[in-house]
Amino acid sequence: MPSTRTRDAEFEAWLLVRQPALHRTAWALTGNPHDAADLLQTALAKVYLAWDRVREADSIDAYARRILVNEHTSLWRRAFKRREHTTYKVPETPVDDTYDDGRSQALWSFVQTLSPRQRAVVVLRYYEELSEAETAEVLGVSVGTVKSQCSRALAHLRDRAPRSLSPEEYR
């Protein structure tokens, strides 16, 4: 068993590399930076506590994403969260994705209207670019459930989003 210093150094090295991506995932799940920071802090604490077991796993990132999704799900199940309605607007931030034509910010506001489960599927499939099988593994559901939740989520987004967000080929 490694010493505490070695263990902490390994965790810190992983954390420095992966924290920004995990924070983006948490933000996409929660819809605002404050809840995302809380969610990420909880998830990282759980990863740290399980580090001896997790660092030998195939994918520490998958384990961390799974914690993010599970913690987010347990938060929205609590009665006090059902009464809250977040109204915080995400500030304009520069994005260096060349394929983004400026509609992504508006699209994410519509993604926030999805149910938490559908939002988790959309975030993992299209934002994290996981396969259906990887998404199913992270969420602990079948591939069929991922497909159906994704289909319903996309149909919901198509129905509710304004035409200005629709790709040209669907007009």
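See the structure shown above.
Counted according to the given criterion, the structure contains four aromatic pairs. Measuring from ring centre to ring centre gives 5.1 Å for Phe11 and Tyr48, while their planes differ by 75°; the resulting arrangement is edge-to-face. Residue Phe11 is located in helix 1 (residues 4-30), and its partner Tyr48 is located in helix 2 (residues 33-49); the two are separated by 37 residues in the primary sequence. Members of the aromatic cluster, connected to one another through ring pairs, are Phe11, Trp14, Tyr48 and Trp51. For Arg7, the ring lying beneath its charged end belongs to Tyr48, and the centroid distance is 4.6 Å. For the cation-ring pair, Arg125 lies above Tyr126, with the distance from its terminal atom to the ring centre recorded as 5.6 Å.

Taken as a whole, this structure holds five salt bridges when the rule is applied. Of the charged contacts, one joins Asp52 and Arg7 as a salt bridge, the two residues approaching to 3.1 Å between their closest N and O atoms. Within this pair, whereas Asp52 is found in helix 3 (residues 51-54), its partner Arg7 is found in helix 1, the two being separated by 45 residues in sequence. When the shortest N-O distance is used, the salt bridge between Arg65 and Glu128 registers 3.7 Å.

Considered for burial, the residues of helix 8 (residues 132-139) that qualify are Thr135, Ala136, Val138 and Leu139. Within helix 8, the buried residues cover an arc of 165° as seen down the axis, which keeps them to one side. Note on helix 8: the residue one or two positions beyond its end, Gly140, has a positive phi of about 70°.

With that settled, the discussion passes to the environment of Thr113. Examined against the element boundaries, Thr113 turns out to sit in the loop between helix 6 (104-111) and helix 7 (116-127). Counting along the chain gives 82 residues from Thr113 to Gly31, while the straight-line C-alpha distance between them is 9.7 Å. If sequence neighbours within four positions are ignored, Thr113 has contacts with His156 and Arg160. Within polar-contact distance, the side chain of Thr113 engages the side chain of His156 at 3.4 Å.

Cut-off values and rules
- Residues numbered from 1 in each chain as written.
- Predicted model: local features only at pLDDT ≥ 70, side-chain atom pairs only at ≥ 80, totals over all residues.
- Heavy atoms only, no water.
- Phe/Tyr/Trp six-rings, centres within 6.5 Å; stacked < 30°, edge-to-face > 60°.
- Helix = DSSP H or I, 4+ residues; strand = E, 2+ residues; numbered from the N terminus.
- Lys NZ or Arg CZ within 6 Å of the ring centre and 35° of its normal.
- Salt bridge = Lys/Arg side-chain N within 4 Å of Asp/Glu carboxyl O.
- Buried < 20%, exposed > 50% of the residue type's maximum accessible area, 1.4 Å probe, protein only.
- Arc of directions from axis to C-beta.
- Contact = heavy atoms within 4.5 Å.
- Polar contact = N/O pair within 3.5 Å; in protein donor to acceptor, adjacent residues only side chain to side chain.

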